[in-house]
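Observations on the model geometry
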Amino acid sequence: MAMQRALVLERQHELTLRDIDLPAETGPGQVKIKLHTVGVCGSDVHYYTHGKIGPFVVNEPMVLGHEAAGTIIEVGEGVTHLKVGDRVCMEPGIPDPHSKASRLGMYNIDPAVRFWATPPIHGVLTPEVVHPANYTFKLPDNVSFAEGAMVEPFAVGMQAATKAKIAPGDTAVVLGAGPIGTMVAIAALAGGCARVVVADLAQPKLDIAAQYQGVIPVNIRETDLAADVARLTDGWGADVIFECSGSPKAWATLMQLVRPGGVIVAVGLPIDPVAFDVSTATTKELRIETVFRYAHQYERSIALLGSGRVDLKPLISETFTFEESIKAFDRAVEARPTDVKLQIMFE
Ligand SMILES: [Zn+2]
């Protein structure tokens, strides 16, 4: 352990930049990374404003940040695939490798997973971090640190696209054009969708998503989404619906949007239980999928960024210095509809 400066959430509503004791020894199978860029995520902001997310409660000071990229500065015993100087991004959730979930390949739902900036686990808004090499991924030379720090939220979109089992030429609908909805739309297009209807109430969010070829923005304040989807699909319905808003109202419209035999992918988390029309789902023989974070998506995500097939740079709205971290979080709390991703850069 060693004292390191970090962005610490002391309790709900209270952030400080101060020294805190953090692990500093690079053990076997681990690497030490000098952080370069860390993204501000909705979950970090939610802990700041609400002090908890579902069952996860901030009971003691916690370092925030989990969307990270940096440079390897130390390599532990037995690590062969990474070396000092490598530019990398890191997967923030570390499961117990011996757990049943891990052995089944579903390590993201291991009940024992330790995920950065999910209480009581510290995050990475601090200059250096020690991390398992197996969850640290080398970035191609043409992928920047800023893009590397976008791999974490993009991996959620990739998990959604993967679970949808998209077929080439599919039509998808994404409900909710927040950062995750936008990532899902981009991943669905990369996964073979011919077009992705993105629906939201906020025009600035739709304008950002509409920069991507294949996205059809629909402002549900002005247009009847079900009629639009019916017109686009000759009344058949969309192959895949990605619910990314968590809104009960969105859940109430799903059945009008999806085609018989289609799939609904639940990505957004409603705060309270929502009603679900089992009879219609059954008579349409729908498939229902859920997404919790991601598993096995980092390498695929990095490959798409490196190939140039996916460009996440248009989603980076503003960059703050580490010393401006609290300012970055207060800006995120404003929830400007023109902001997709705010990032913090270490100098
Ligand atoms: Zn995140």
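Above this text is the structure in question.
Residues numbered from 1 in each chain as written. Predicted model: local features only at pLDDT ≥ 70, side-chain atom pairs only at ≥ 80, totals over all residues. Heavy atoms only, no water.

Enumeration over the complete set of coordinates arrives at 17 salt bridges. For the salt bridge of Arg-259 with Asp-239, the shortest nitrogen-to-oxygen distance reads 2.5 Å. With Arg-259 in strand β17 (residues 258–266) and Asp-239 in strand β16 (residues 238–243), this pair connects stretches of sequence that are 20 residues apart. Close ionic contact of Glu-334 with Arg-336 constitutes a salt bridge, the shortest N to O distance being 2.8 Å. Residue classification places Glu-334 among the partly exposed residues on the basis of a relative accessible area of 47%. Here the residues in one salt-bridge network are Lys-83, Asp-86 and Lys-138, joined through shared partners. (Salt bridge = Lys/Arg side-chain N within 4 Å of Asp/Glu carboxyl O. Helix = DSSP H or I, 4+ residues; strand = E, 2+ residues; numbered from the N terminus. Buried < 20%, exposed > 50% of the residue type's maximum accessible area, 1.4 Å probe, protein only.)

As a further point, take the packing of helix α1 (residues 42–50) against helix α11 (residues 325–334). Taken N-terminus to C-terminus, the directions of α1 and α11 make an angle of 90°; their axes are 10 Å apart at the nearest point. Between α1 and α11, the angle is such that the two are roughly perpendicular. Side by side, α1 and α11 meet where Asp-44, Val-45, Tyr-48 and Thr-49 of the first sit next to Phe-329, Asp-330, Ala-332 and Val-333 of the second. When the residues that make up the contact of α1 with α11 are grouped by side-chain class, the tally is 5 nonpolar, 1 polar and 2 charged. (Axes fitted to C-alpha atoms, helices over the stretch in contact; angles between N-to-C directions. Parallel < 35°, antiparallel > 145°, perpendicular 65-115°, else oblique. Contact = heavy atoms within 4.5 Å. Nonpolar A, V, L, I, M, F, W, Y, C, P; charged D, E, K, R; others polar.)

Within the span of helix α7 (residues 225–232), buried status applies to Leu-225, Ala-226, Asp-228 and Val-229. Projected down its long axis, α7 carries its buried residues within an arc of 160°, all on one side. Here the buried face of α7 lies against β13 (171–175), β14 (195–200), β15 (215–219), β16 and α8 (248–257). The opening residue of α7 is Asp-224, an N-cap whose side-chain oxygen sits 3.2 Å from the backbone nitrogen of Ala-226. Looking at the residues trailing α7, positive phi occurs at Asp-234, about 50°. (Arc of directions from axis to C-beta. Polar contact = N/O pair within 3.5 Å; in protein donor to acceptor, adjacent residues only side chain to side chain.)

Right, let's get into the packing of helix α4 (residues 151–164) against helix α5 (residues 179–190). The N-to-C vectors of α4 and α5 enclose an angle of 55°; their axes lie 8 Å apart at closest approach. With respect to their mutual orientation, α4 and α5 come out oblique. Crossing geometry of α4 relative to α5 is assigned as right-handed. Along the contact surface, α4 presents Pro-153, Phe-154, Val-156, Gly-157, Met-158, Ala-160 and Ala-161, while α5 presents Ile-180, Met-183, Val-184, Ile-186, Ala-187 and Ala-188. Of the residues in the contact of α4 with α5, the class split is 12 nonpolar, 1 polar and no charged. (Left-handed = near helix turned anticlockwise from the far one by under 90°.)

The subject of this paragraph is the state of the cysteines. Summed over the entire model, instances satisfying the criterion amount to 0 disulfides. Left without a disulfide partner, Cys-89 is nearest to the cysteine sulfur of Cys-41, which lies 15 Å away. With no disulfide partner, Cys-193 has as its closest neighbouring cysteine sulfur the one in Cys-244, 12 Å distant. A relative accessible area of 6% places Cys-193 in the buried class. (Disulfide = S-S within 2.5 Å.)

Further remarks concern the coordination of the zinc ion. Only Cys-41 (SG), His-66 (NE2), Glu-67 (OE) and Glu-152 (OE) from the protein coordinate the zinc ion, and they sit 2.2 to 2.6 Å from it. For the zinc ion, the 4 donor atoms in the first shell make angles of 84 to 169° at the metal, a pattern classed as irregular. The sequence motif formed by the donor residues of the zinc ion is C-x24-H-E-x84-E. Of this pair, His-66 sits in the loop between β6 (62–63) and β7 (67–75) while Glu-152 is found in helix α4, placing the two residues 86 residues apart along the sequence. The residues His-66 and Glu-152 share a single accessibility class, namely buried. (Donors = N, O, S within 2.8 Å, 3.2 Å for Na, K, Ca; no water. Tetrahedral: all angles 85-135°; square planar, octahedral: opposite > 155°, others 65-115°.)

The next point concerns the sheet that holds β16. Taking strand neighbours across the sheet as the criterion, the 6 strands line up as β15-β14-β13-β16-β17-β18 in an open arrangement whose pairing is parallel. Bordering the open sheet on either side are β15 and β18 (287–290), each of which pairs with just one other strand. Across this sheet, the average inter-strand angle for adjacent strands is 20°, counted without regard to direction. Pairing of β16 with β17, which is carried by 5 bridges, proceeds in the parallel orientation. (Pairing = 2+ DSSP bridges.)

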